[in-house]
Amino acid sequence: MEREEMLIYIKKKLTPKRYVHSIGVEYTAATMAFVHGEDVQRARIAGLLHDCAKCIPVEEKLKKAEKFGLPVSDCERQNPDLLHGKLGAYYAANKCGVSDEEILSAITFHTTGKPEMTLLEKIIFVADYIEPNRRMIRELPEIRKEAYTDLDRCVLHILRNTLEYLDEKDTVIDDLTQKTYDYYMRHFQAGEDMKHA
Ligand code: DGI
Ligand code: FE
Ligand code: FE
């Protein structure tokens, strides 16, 4: 699909707010690609499509994931909204003709992140959080700056905020979110130690 067709496709599937958010993630991902040396077109496609399954009703998300043969963890069963990344990648591949595995992976893991993310995965994970239409989140100005100056610190900062937020809300925390945090915590600490050695 060309971009124009993708826009029509997501407009049909999303609420107006979510559509505007998707375009915000598209251009934020593009600017981050400029700075960090990622391919700009891939960043735009991943950004544009990352939430294409977000507005499917919760129970439908679970049914569709099962129908498409996608693996569903216990945590996702309890909170099927978490499936919108995996489902989104499925639609990107099967409805929009995206075959680039890294774009599909960036869409799949945009909510939880994962240990050892590629540059594109990090860009989508971060762009989703910082795009201009996001309501003000704690420490957002600082996080936005880090997105362009220290990407790993930025990823860790977002994970820390998300885990704190989920803790306050008292909901299930996906194993992968926790594992990603632990990984970047260790990774970041190792980097800091190197700097000061
Ligand atoms: O889809 P978006 O709203 O653009 O952003 P997103 O895909 O990052 O989803 C954000 C929501 O997901 C937010 O309410 C926090 C929640 N979330 C992130 N990690 C986890 C999580 N929710 C649960 N229950 N467990 C997690 O590990
Ligand atoms: Fe999302
Ligand atoms: Fe999003």
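To be clear, the structure that these remarks concern was listed above.
Below, the structure is looked at part by part.

### Focus: the overall build of the protein chain
Step number 1: Check the secondary structure of the protein chain and you find eleven helices and zero strands.
Step number 2: Mapped from its N terminus to its C terminus, the protein chain presents α and β elements in the order α-α-α-α-α-α-α-α-α-α-α.
Step number 3: Relative to the compact-globule value of 16 Å for 197 residues, the protein chain shows a C-alpha radius of gyration of 16 Å, a close match.
Step number 4: Oriented by its inertia axes, the alpha-carbon framework of the protein chain measures out at about 50 × 35 × 30 Å.
Step number 5: A separation threshold of at least 6 residues defines the contact pool for the protein chain, and within that pool the share at least 24 residues apart is 59%.
Step number 6: Accessible surface, the protein chain as shown: approximately 10,200 Å² in total, 53% of it carbon and sulfur.
Step number 7: Of the charged side chains in the protein chain, 29 are positive and 34 negative, and the gap between their average positions amounts to 5 Å.

### Observations regarding the site of ligand 1
Step number 1: Close to ligand 1 lie 19 residues, the nearest being K54, T111, V172, D174 and T177.
Step number 2: The side chain of H21 places a nitrogen or oxygen atom 3.0 Å from an oxygen atom of ligand 1.
Step number 3: Note that a nitrogen atom of ligand 1 is positioned 2.9 Å from one of the side-chain N or O atoms of N79.
Step number 4: When ligand 1 is considered free in solution it has 570 Å² of accessible area, and contact with the protein chains removes 83% of it.
Step number 5: Of the residues contributing to the shell around ligand 1, the split by class is five nonpolar, eight polar and six charged.

### Details of the coordination of the iron ion (ligand 2)
Step number 1: Taken together, the protein donors to the iron ion (ligand 2) comprise D51 (OD), H84 (NE2) and H110 (NE2), at separations of 2.1 to 2.2 Å.
Step number 2: Sequence spacing of the donors to the iron ion (ligand 2): D-x32-H-x25-H.
Step number 3: A gap of 3.5 Å separates the iron ion (ligand 2) and the iron ion (ligand 3), which D51 links by coordinating each metal. One end of the pair, D51, is in the loop between helix 3 (40–49) and helix 4 (58–67); the other, H110, is in the loop between helix 7 (101–108) and helix 8 (119–130), and 59 residues separate them in sequence. Both residues of the pair, D51 and H110, count as buried.

### Description of the packing of helix 8 against helix 9 (residues 140–149)
Relative orientation and spacing of two packed helices are given, respectively, by the angle between their axes and the distance between those axes.
Step number 1: Viewed as axis vectors pointing N to C, helix 8 and helix 9 meet at an angle of 150°, and their least axial separation amounts to 10 Å. Compared by their axis directions, helix 8 and helix 9 come out roughly antiparallel. In this structure, helix 8 meets helix 9 at a crossing whose hand is left-handed. Counted together, V126, Y129 and I130 of helix 8 and L140, I143, R144, A147 and Y148 of helix 9 form the full contact between these two elements.
Step number 2: By residue class, the composition of the contact of helix 8 with helix 9 is seven nonpolar, no polar and one charged.

### Looking at the nonpolar core
Step number 1: Ranked by internal contacts, the top residues of the largest apolar core, which has 56 residues, are I10, M32, L49, V98, V126 and I130.
Step number 2: Considering every element that reaches this core, the biggest residue donor is helix 8, with eight residues.
Step number 3: Setting aside residues no more than four positions away along its own chain, V98 makes contact with M6, I45, L49, A92, A93, I103 and L104.

Parameters and conventions
Residues numbered from 1 in each chain as written. Chains lettered and ligands numbered in written order. Predicted model: local features only at pLDDT ≥ 70, side-chain atom pairs only at ≥ 80, totals over all residues. Heavy atoms only, no water. Helix = DSSP H or I, 4+ residues; strand = E, 2+ residues; numbered from the N terminus. Rg over C-alpha atoms; globule rule 2.2 N^0.38 Å. Contact = heavy atoms within 4.5 Å. Areas by Shrake-Rupley, 256 points an atom, 1.4 Å probe, with all protein chains shown as cover. Lys, Arg positive; Asp, Glu negative; His and termini not counted. Charge placed at Lys NZ, Arg CZ, Asp CG, Glu CD. Near = heavy atom within 4 Å. Polar contact = N/O pair within 3.5 Å; in protein donor to acceptor, adjacent residues only side chain to side chain. Nonpolar A, V, L, I, M, F, W, Y, C, P; charged D, E, K, R; others polar. Donors = N, O, S within 2.8 Å, 3.2 Å for Na, K, Ca; no water. Buried < 20%, exposed > 50% of the residue type's maximum accessible area, 1.4 Å probe, protein only. Axes fitted to C-alpha atoms, helices over the stretch in contact; angles between N-to-C directions. Parallel < 35°, antiparallel > 145°, perpendicular 65-115°, else oblique. Left-handed = near helix turned anticlockwise from the far one by under 90°. Core = buried A, V, L, I, M, F, W, Y, C linked by side-chain atoms within 4.5 Å.

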